[in-house]
Amino acid sequence: MASAGSRIGPSTVIRGSIRGAGNIELEGRVEGTIDVDGDVIVGGNARIKSPVSGGRVVVRGAVAGNVRGREAVVLEDGARVVGDLVAPQIGIRPGGLLRGHVSSGDAFSASSAATTPRAARLPAKPVAVTRAKEVPPPPPTPRKNEAPARTQRATVASTATSKLVQPVASPLTKPARSAPAPIMPTLQKGAKAALKKKAR
Amino acid sequence: MARGDSSTEDTVIGKATRVRGRLSGDGHLVVDGSVEGDVEASAVTVRGELQGDVRARGVVHLEAGAVVRGDLHGESVAIDEGASFDGHLDADFELPAELGGAQGKRR
Amino acid sequence: MASTVIGAGITIEGEVTSDEDVVVHGTVRGKLSAKDGVTVEHGAVVEADVAGGPVHVAGQITGNITSSDRVDLQNGAKVVGNVKATRITIADGAQFKGNVDMDV
């Protein structure tokens, strides 16, 4: 048995909050809040009436509440979730059922399309929507200070991670974002001259 | 308004193609390129970019690399972990009684 | 029947009810009630009334213990609260403050 692992068995009912370090496997009933540092598995017979927050969260049972993963959220066959999913990576396998909003990858960190009225969603001009893998690392912004010390993922999804600090109750709230960084950084004054000098 | 073949052939929006407007048809629609607009087909697979709602009579599948913003409706919806998605899913099911049962429908 | 295990890093605040064994390595504040055995391991902190079958304590319980069976306080255990049980053992090195009711 993993020293840091917890398991809430099928006949166990918890009314209250579960939090802390380590992985947890839920097979019973929980009504309250779940927020752990480690991974969470919601088993096939689990009935969770609670927001769930973990590192990698895998759902195979029933959840009424938002599900947040600092690394990923995966709904597998048997999952029945009413609530929003928020994570840098989200997977829904065939058989995984969701009624709610999904925010993952770069779409998850971009402008608040989900909250604009549908008519306004289609822009007048073509939108430069870039492929997930081509987006360059974003420039340092004040937003980065919101990231908690433990979230140290230096990946393209790093702005996505900082969004996870938002309270779970309002996963749709996306801070206003300035124009995306240009792909070519503007050269500082004198840099051009310095480069010419180097080339000689 | 583009119309797909009402046969077994796939309609493919290629990588270099950008579509603005609605797409609707009976077959399997594959989006490798970029679509801005609502889409409706028997089955829809997205590998490229899509900004709009997706309606399929059968399967909606967002593959790794897809960037999608909009709501998905289908008999079965699958999203690969490498896909980027911002939108709503509205599957038809009931939660167990202890979690609200039928009340779980339509928040 | 497999057990419910509350790991060392986990804190539960609220009510825990189970038909299975419950093994606590972490922290429980509130109420703990099991139909089967309850084990409070060394290092565990339970600030709750505990009800169960057999109760084995090597950690800390602040609260009343009500057992339908036996209660064993092991070396290192620290219990502050009343104990109701059919049998009880208090090992050398266990600390205990409270009343014991064995329904004599």
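Criteria and cut-off values
Residues numbered from 1 in each chain as written. Chains lettered and ligands numbered in written order. Predicted model: local features only at pLDDT ≥ 70, side-chain atom pairs only at ≥ 80, totals over all residues. Heavy atoms only, no water. Helix = DSSP H or I, 4+ residues; strand = E, 2+ residues; numbered from the N terminus. Buried < 20%, exposed > 50% of the residue type's maximum accessible area, 1.4 Å probe, protein only. Contact = heavy atoms within 4.5 Å. Areas by Shrake-Rupley, 256 points an atom, 1.4 Å probe, with all protein chains shown as cover. Salt bridge = Lys/Arg side-chain N within 4 Å of Asp/Glu carboxyl O. Buried area = accessible area lost by both parts, 1.4 Å probe. Core = buried A, V, L, I, M, F, W, Y, C linked by side-chain atoms within 4.5 Å. Phe/Tyr/Trp six-rings, centres within 6.5 Å; stacked < 30°, edge-to-face > 60°. Lys NZ or Arg CZ within 6 Å of the ring centre and 35° of its normal.

A.B. asks: Could you give an account of the overall build of chain A, naming the residues involved and the relevant values?
C.D. replies: Scanning chain A for helices and strands turns up three helices and 13 strands. Per-residue burial for chain A yields a buried fraction of 45% across its 200 residues. For chain A, the proportion of contacts with a sequence separation of at least 24, taken over those separated by at least 6, is 15%. When the accessible surface of chain A is totalled, it reaches about 10,300 Å², and 58% of it is carbon and sulfur.

A.B. asks: Provide a residue-level description of the pattern of salt bridges, including the pertinent values.
C.D. replies: Should their charged atoms come close, side chains of opposite charge can pair. Tallied over the full model, the rule gives 19 salt bridges over all chains. Across the pair Arg19 of chain A and Glu13 of chain C runs a salt bridge whose closest N-O atoms are separated by 3.0 Å. Taken as a pair, Arg19 of chain A in strand E2 (residues 13–20) and Glu13 of chain C in strand E2 (residues 10–18) lie in two separate chains rather than in one. The exposure class assigned to Arg19 of chain A is partly exposed, which follows from its relative accessible area of 36%. Judged by relative accessible area, Glu13 of chain C falls into the partly exposed class, the value being 31%. Residue Arg70 of chain C is joined to Asp72 of chain C by a salt bridge in which the shortest nitrogen-to-oxygen separation is 3.0 Å. By relative accessible area, Arg70 of chain C is classed as partly exposed at 26%. Using a relative accessible area of 9% as the deciding quantity, one classes Asp72 of chain C as buried.

A.B. asks: Describe in detail the environment of Ile90 of chain A, supporting the description with residues and values.
C.D. replies: With respect to the element layout, Ile90 of chain A can be found in strand E12 (residues 89–92). Judged by its relative accessible area of 0%, Ile90 of chain A is buried. Sequence-wise, Ile90 of chain A and Val63 of chain A are 27 residues apart; in three dimensions their C-alpha atoms are separated by 16 Å. Beyond its immediate chain neighbours, meaning those up to four positions away, Ile90 of chain A contacts Val73, Leu85, Val102, Ser103 and Ser104 of chain A together with Ile79, Asp80 and Glu81 of chain B.

A.B. asks: Could you give an account of the interface of chain C and chain A, with specific residues and numbers?
C.D. replies: By a widespread convention, an interface's size corresponds to the accessible area lost as its parts come together. Taken together, the contacts link 20 residues of chain C with 20 residues of chain A. For the pair chain C and chain A, the summed buried area comes to about 1,500 Å², and 44% of that belongs to carbon and sulfur atoms. If you sort the residues of chain C by the area they bury against chain A, Val5, Ile10 and Glu13 of chain C come out on top, with a joint share of 30%. Across the contact surface, chain C and chain A share one salt bridge.

A.B. asks: Report on the environment of Asp80 of chain B, specifying residues and quantitative values.
C.D. replies: Following the sequence through the fold, Asp80 of chain B ends up in the loop between strand E14 (76–79) and strand E15 (84–90). Each C-alpha atom of the pair Asp80 of chain B and Ala66 of chain B lies 8.9 Å from the other, and the pair is 14 residues apart in sequence. If near-sequence neighbours (up to four positions away) are discounted, Asp80 of chain B is found in contact with Ile90 and Gly91 of chain A together with His61, Leu62, Glu63 and Ala64 of chain B.

A.B. asks: Run through the nonpolar core, naming residues and quoting values.
C.D. replies: Nonpolar side chains in soluble globular proteins tend to end up buried together. The biggest cluster of nonpolar side chains holds 76 residues, and the ones touching the most others in it are Leu26 and Leu85 of chain A together with Leu62 and Leu72 of chain B. Filtering out sequence-adjacent residues up to four positions away, Leu62 of chain B remains in contact with Val46, Val68, Leu72, Ala78, Ile79, Asp80, Ala83 and Phe85 of chain B. The next biggest cluster of nonpolar side chains, apart from the first, holds seven residues, and it includes Ala62 and Ala64 of chain A together with Leu95 and Leu99 of chain B.

A.B. asks: Can you lay out the environment of Lys78 of chain C for me, pointing to particular residues and giving the numbers?
C.D. replies: Secondary-structure assignment places Lys78 of chain C in strand E11 (residues 78–80). In this view, Lys78 of chain C contacts Gly59, Gln60, Ile61 and Gln95 of chain C; residues no more than four positions away in its chain are not counted.

A.B. asks: Tell me about the packing of aromatic side chains, residues and numbers included.
C.D. replies: Applying the stated criterion to the full structure yields zero aromatic pairs over all chains. Across from the ring centre of Phe93 of chain B, 4.3 Å away, lies the NZ or CZ of Arg99 of chain A, which sits over that ring.

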